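Residue strings, one per chain:
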Amino acid sequence: MFDLKPELDRRREAGLYRQRSIVSSAQSVRLTINGQSLLSFSSNDYLGLANHPDIKKSFINATEQYGVGSGAAHLITGHSQLHHECELRLAEFTGRDRALLFSNGYMANLAIASALVGRHDIIHQDKLNHSSLIDAAKISGAKLKRYRHSDLDQLKSQLALSTTDDNTSVRQLIMTDGVFSMDGDCADLNRLSQLASESNSVCMVDDAHGFGVLGATGAGLLEQCGLGQQQVPILMATLGKAIGTSGAFVAGSDALIETLIQQARPYIYTTASPPAIAAATICSLDIVKRDHWRRDKLQTLIVYFQQRMKNTKFKLMPSDTAIQPIVIGNNNQVLLLSEQLLKSGIQVTPIRPPTVPAGSARLRITLSTLHEKTDIDQLIKALLASQ
Ligand SMILES: *Cc1c(COP(=O)(O)O)cnc(C)c1O
């Protein structure tokens, strides 16, 4: 066997060692973790749907009818009627021609990049994009150019540099998080899509943290920005966050979806997710559309948290979403702070490099519709009591 221990030891010494906590309760803002009952601020279940009774019921009913496993890949015999209906619903909800389901967001991103660009092409990415987008660029073989976080002037000059008359056959793909997953701020999609159209490149948005939460009907950041398929031809969003189920989808034109079905290896060579997941997702989409109060309450909690944190020793980041991180900087310091919170019965996961840039370790606080103002009071009290 390889000598693996030195690297593990190095990680431990650098405060980078990661450990999994064992959760023995249903997903909620109150979790039993390693046997201890805790108030949690770490989940992406922003709308409190992961344990919703109606969604569970549709999951169970579909399991009775279809069984658990899908049995095969989508192109063999794994593509059920429920997957099909779920794709129709996602296309309608996002106002796109078609949608295609994936087992998870990581693979959806790999699929997009690997099917659409190759080694003669260029991918432009924000430096703070999710790791799955970085990996997507790597497996595509395209040249990856990264611009400073939200620095669209830099993107503009990158695009200008890459666009010359003699390389019109070079494809340029801009890939960005909609809501940045570790910071909570949003990409300026209106300007970004404008830059894309001016430079003849194509804009792809990963709306993992906006879908379900943002926009008048919950269709996400693109709905909030008023951007359709014309402006943003490739939309990816995940279903394991605000939607509360599992998986992801890509939405766009018929030609885009057909290209992914024909050519995207991360789509073709993997077993379809359980059909019951698709049934649960359909049910969840109904609830997302119907229950405006979930988005409204979340918004109220975000504003309440921001107001209560004003004039404390902790500085918030410029975020108006449910992701409200507090940057601490030092890896060991953030670990210490999260341990102190645990002693007060509060769980906030410390996020360290390489998930975030070196020197910007943070508590990634996330709020959920299921929180109450008194929960936020309790969190702030514990934060202020910490050393
Ligand atoms: C969570 C996340 C993903 C990955 O989605 P999974 O379904 O969890 O694999 C991709 N992109 C972003 C921005 C994410 O936050």
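Values in this document were obtained by computation on a predicted structure and should not be read as measured data. (Residues numbered from 1 in each chain as written. Predicted model: local features only at pLDDT ≥ 70, side-chain atom pairs only at ≥ 80, totals over all residues. Heavy atoms only, no water.)

**Notes on the overall build of the protein chain**
This is how the line gets drawn: Comment: elements are numbered from the N terminus, with helices defined as DSSP H or I runs of at least four residues and strands as E runs of at least two. Computation of the radius of gyration draws on C-alpha atoms alone. For the globule rule, the value is 2.2 Å times the number of residues to the power 0.38. Relative accessible area decides the class of each residue, using a 1.4 Å probe on protein chains only: under 20% of the type maximum gives buried, over 50% gives exposed, and in between gives partly exposed. Here, two residues are considered to be in contact whenever any of their heavy atoms come within 4.5 Å of each other.
A tally of helices and strands in the protein chain yields 15 helices and 13 strands. The C-alpha atoms of the protein chain give a radius of gyration of 21 Å, which matches the 21 Å a tight globule of 387 residues would have. Judged by the C-alpha coordinates and their principal axes, the protein chain covers about 60 × 55 × 55 Å. For the protein chain, the proportion of its 387 residues judged to be buried stands at 53%. Long-range pairs, those at least 24 residues apart, make up 69% of the contacts in the protein chain between residues at least 6 apart in sequence.

**Describing the sheet that holds strand β12 (residues 350-351)**
Within a sheet, each strand pairs with its neighbour through backbone hydrogen bonds, oriented either parallel or antiparallel. The cut-off we apply is this: Paired strands, in this sense, are two strands between which DSSP finds at least two bridges.
The strand order across the open sheet formed by three strands is β10-β13-β12, and the pairing between neighbours is antiparallel. Two strands bound the open sheet, and with one partner strand each, they are β10 (323-329) and β12. Relative to strand β13 (residues 361-366), β10 runs antiparallel, the two being bridged by six bridges. Pairing of Pro325 across the sheet is with Arg364, part of β13.

**Quick word on the site of the ligand**
Note the threshold: One heavy atom suffices: a residue is near a molecule or strand as soon as one of its heavy atoms comes within 4 Å of it. Any pair of N or O atoms that falls within 3.5 Å is considered a polar contact. Within protein, one atom must be able to donate a hydrogen and the other to accept it, and sequence-neighbouring residues count only if both atoms are side-chain atoms. Accessible surface area values rest on a Shrake-Rupley calculation with a 1.4 Å probe, where residue burial reflects the displayed protein chains alone.
In the region of the ligand, 14 residues are neighbours, and Gly105, Tyr106, Asp206, His209 and Lys241 sit closest. Contact distances for the ligand include 3.0 Å between an oxygen atom and a backbone N or O atom of Tyr106. Protein chains bury 82% of the 380 Å² of accessible surface belonging to the ligand in isolation. Considering each element in turn, the shell around the ligand owes the most residues, three residues, to helix α5 (residues 105-116).

**With respect to the sheet that holds strand β5 (residues 143-147)**
Filter applied, for reference: Here the axes come from fitting lines to C-alpha atoms, over the contacting stretch only for helices, and the angles between their N-to-C directions go from 0 to 180 degrees.
Taken in spatial order, the seven strands make up an open sheet running β3-β9-β8-β7-β6-β4-β5, and their pairing is mixed. Single-partner strands in this sheet number two, and they are β3 (98-102) and β5. With strand direction ignored, the average angle separating the axes of adjacent strands in the sheet is 20°. Two elements, β3 and strand β9 (residues 248-252), share five bridges in a ladder whose sense is antiparallel. Following the sheet pairing, Phe102 is matched in β9 by Ala248.

**Details of the domain arrangement of the protein chain**
Let me state the cut-off plainly: Note: domain ranges come from an automatic or database domain assignment. The term buried area means the drop in 1.4 Å probe accessible area that two parts suffer when joined, counted for both and summed. We count a salt bridge whenever a side-chain nitrogen from Lys or Arg sits within 4 Å of a carboxyl oxygen from Asp or Glu.
Per the domain assignment, the segments of the protein chain are domain 1 (11-47 + 292-385) and domain 2 (53-289). Using only C-alpha atoms to locate each centre, domain 1 and domain 2 end up separated by 27 Å. For the pair domain 1 and domain 2, the two sides together bury roughly 1600 Å², of which 59% comes from carbon and sulfur. Where domain 1 packs against domain 2, one counts one salt bridge. At the junction of domain 1 with domain 2, the criterion picks out nine residue pairs in polar contact (both at pLDDT 80 or more). Among the secondary structure elements, those contributing two or more residues to the side of domain 1 that touches domain 2 are α13 (292-309), β10 and β13.

**Some words on the packing of aromatic side chains**
Quick reminder of the rule: The rule is short: rings of Phe, Tyr and Trp, with Trp giving its six-membered ring, pair when the centres are within 6.5 Å, and they are stacked under 30 degrees, edge-to-face over 60, tilted in between. We count a charge as sitting over a ring when the NZ of a lysine or the CZ of an arginine lies within 6 Å of the ring centre and within 35 degrees of the ring normal.
Scanning all chains against the criterion turns up three aromatic pairs. With a centroid separation of 5.6 Å and 65° between ring planes, the pair formed by Phe93 and Phe211 is classed as edge-to-face. With Phe93 in helix α4 (residues 81-94) and Phe211 in the loop between β7 (202-206) and α9 (221-225), this pair connects stretches of sequence that are 118 residues apart. The residues Phe93 and Phe211 share a single accessibility class, namely buried. Centre to centre, the rings of Phe211 and Phe249 are 5.0 Å apart; their planes meet at 65°, and the pair counts as edge-to-face. Here Phe211 is found in the loop between β7 and α9, whereas its partner Phe249 is found in strand β9, with 38 residues between them in sequence. Neither Phe211 nor Phe249 differs from the other in exposure class; each is buried. An aromatic cluster is defined as three or more aromatic residues linked by ring pairs; in this entry it consists of Phe93, Phe211 and Phe249. The aromatic ring of Tyr17 is capped on one face by Arg12, whose charged end is 4.0 Å from the ring centroid.

**Brief notes about the pairing of strand β8 (residues 234-238)**
When you tally the buried positions in β8, you get five out of five residues, the bulk of the element. In this structure, β8 lies alongside β9, joined through four bridges in antiparallel fashion. Among the inter-strand pairings, Leu235 is bridged to a residue of β9, identified as Ala251.

**Looking at the environment of Lys241**
Structurally, the position occupied by Lys241 is in the loop between β8 and β9. Counting along the chain gives 13 residues from Lys241 to Gly228, while the straight-line C-alpha distance between them is 22 Å. If we ignore the near neighbours within four places in the chain, the residues touching Lys241 are Asn44, Asp45, Ala208 and His209.

**A word on the pairing of strand β1 (residues 30-33)**
Of the two faces of β1, the one holding Leu31 and Ile33 is buried and the one holding Arg30 and Thr32 is not buried anywhere. The pairing of β1 with strand β2 (residues 36-40) spans four bridges and is antiparallel. Bridge pairing links Thr32 to Ser37 in β2. The turn joining β1 and β2, which pair antiparallel and follow one another in sequence, is formed by two residues; a positive phi near 50° is taken by Asn34.

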